[in-house]
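Overview (structure and organization)
Listed below, chain by chain, are the residues.
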Amino acid sequence: MFKTILYPTDFSDTAGKSLDYLKQLHKAGAQKIILLNVIHQQVLDTLETIHKAAYFQDARYHEDRDEAELRLEKDRRNKMAPIAAELTAAGFEVKIRVEKGYPVREILKVEKEEAVSAIVLGSHGKSNILRARIGSVSEKVIRRAVSAVLLVKR
């Protein structure tokens, strides 16, 4: 039923709780996990602003935006490696993807590209607004996803 699962993570506690649910899906026939992290466009824009400000303050300092993005992507992949190892040990084939942009848009794009059967995500991400019943990214993914969505409560 659920052959390929998309697991978007922002490394929040709620996203971490989703791992236990993912492992249970192996018993239901899931074979492959697409492990996804989205580097938010706002982070990229902030990086550029910081680099420009530092450059204008000290002309000797300059790090290319592409270099900064590559460092950030490498950091995200390093954070995903233990998650991938845990899922591989549970019997899944794991594919790691790091995308750049707006989380909802990128999650839905990967859903389509990878032809996933289901998406497993946390109800609240890093922002974790206490009074909200559901996070804004989660809500938008639920509304727009074509495949089934398993939402893990915080």
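Please refer to the structure higher up on the page.
Now for a look at the structure at hand.

Further remarks concern the overall build of the chain. A tally of helices and strands in the chain yields 5 helices and 5 strands. Written out in order from the N terminus, the α and β elements of the chain read β-α-β-α-α-β-α-β-α-β. Here the chain, with 154 residues, has 40% of them falling under the buried criterion. If you take every contact in the chain between residues at least 6 apart in sequence, the share linking residues at least 24 apart comes to 76%. Accessible surface computed for the chain: about 9200 Å², of which carbon and sulfur atoms make up 52%.

Right, let's get into the side chain of Glu 114. Relative to the helices and strands, Glu 114 resides in helix H4 (residues 103-114). Among the polar contacts made by the side chain of Glu 114, one reaches the side chain of Lys 95 at a distance of 2.8 Å. Excluding its chain neighbours within four sequence positions, the residues that come into contact with Glu 114 are Thr 4, Lys 32, Ile 34, Lys 95 and Arg 97.

Turning to unusual backbone geometry, a few remarks are in order. Of note, the phi angle at Phe 11 is positive, near 70°, even though the residue is not glycine. Of note, Phe 11 is situated in the loop between strand E1 (4-8) and helix H1 (13-27). Judged by its relative accessible area of 22%, Phe 11 is partly exposed. Despite not being glycine, Ala 115 shows a phi value in the positive range, around 50°. Within the secondary structure layout, Ala 115 lies in the loop between H4 and strand E4 (118-122).

The next point concerns the nonpolar core. In this structure, Ile 5, Tyr 7, Leu 22, Ile 33 and Leu 87 are the most contacted members of the largest nonpolar core, which totals 23 residues. Those elements that provide at least two residues to this core are E1, H1, strand E2 (32-40), helix H2 (41-57), helix H3 (65-89) and E4. Ranked by the residues each element gives to this core, the list is headed by H3, at 6 residues. For Tyr 7, the residues in contact, after removing those within four places along its chain, are Ala 15, Gly 16, Ser 18, Leu 19, Leu 22, Ile 33, Ile 34, Leu 35, Leu 36, Ile 83 and Val 120. Membership of the second largest hydrophobic core comes to 13 residues, among which are Val 38, Val 104, Ile 119 and Leu 121.

The subject of this paragraph is the sheet that holds strand E5 (residues 148-152). In spatial order, the strands read E3-E2-E1-E4-E5; together these 5 strands make up an open sheet with parallel pairing. The open sheet terminates on both sides in strands that have one partner only, identified here as strand E3 (93-101) and E5. Averaged over all neighbouring strand pairs, the angle between strand axes comes to 20°, with direction disregarded. Strand direction decides the pairing type here: E1 and E4, joined by 2 bridges, are parallel. From the neighbouring strand, Ile 5 faces E4, where its bridge partner is Ala 118. Running over the sheet, H1 touches E1, E2, E4 and E5 and is turned about 170° from E1.

Rules used in this analysis
Residues numbered from 1 in each chain as written. Predicted model: local features only at pLDDT ≥ 70, side-chain atom pairs only at ≥ 80, totals over all residues. Heavy atoms only, no water. Helix = DSSP H or I, 4+ residues; strand = E, 2+ residues; numbered from the N terminus. Buried < 20%, exposed > 50% of the residue type's maximum accessible area, 1.4 Å probe, protein only. Contact = heavy atoms within 4.5 Å. Areas by Shrake-Rupley, 256 points an atom, 1.4 Å probe, with all protein chains shown as cover. Polar contact = N/O pair within 3.5 Å; in protein donor to acceptor, adjacent residues only side chain to side chain. Core = buried A, V, L, I, M, F, W, Y, C linked by side-chain atoms within 4.5 Å. Pairing = 2+ DSSP bridges. Axes fitted to C-alpha atoms, helices over the stretch in contact; angles between N-to-C directions.

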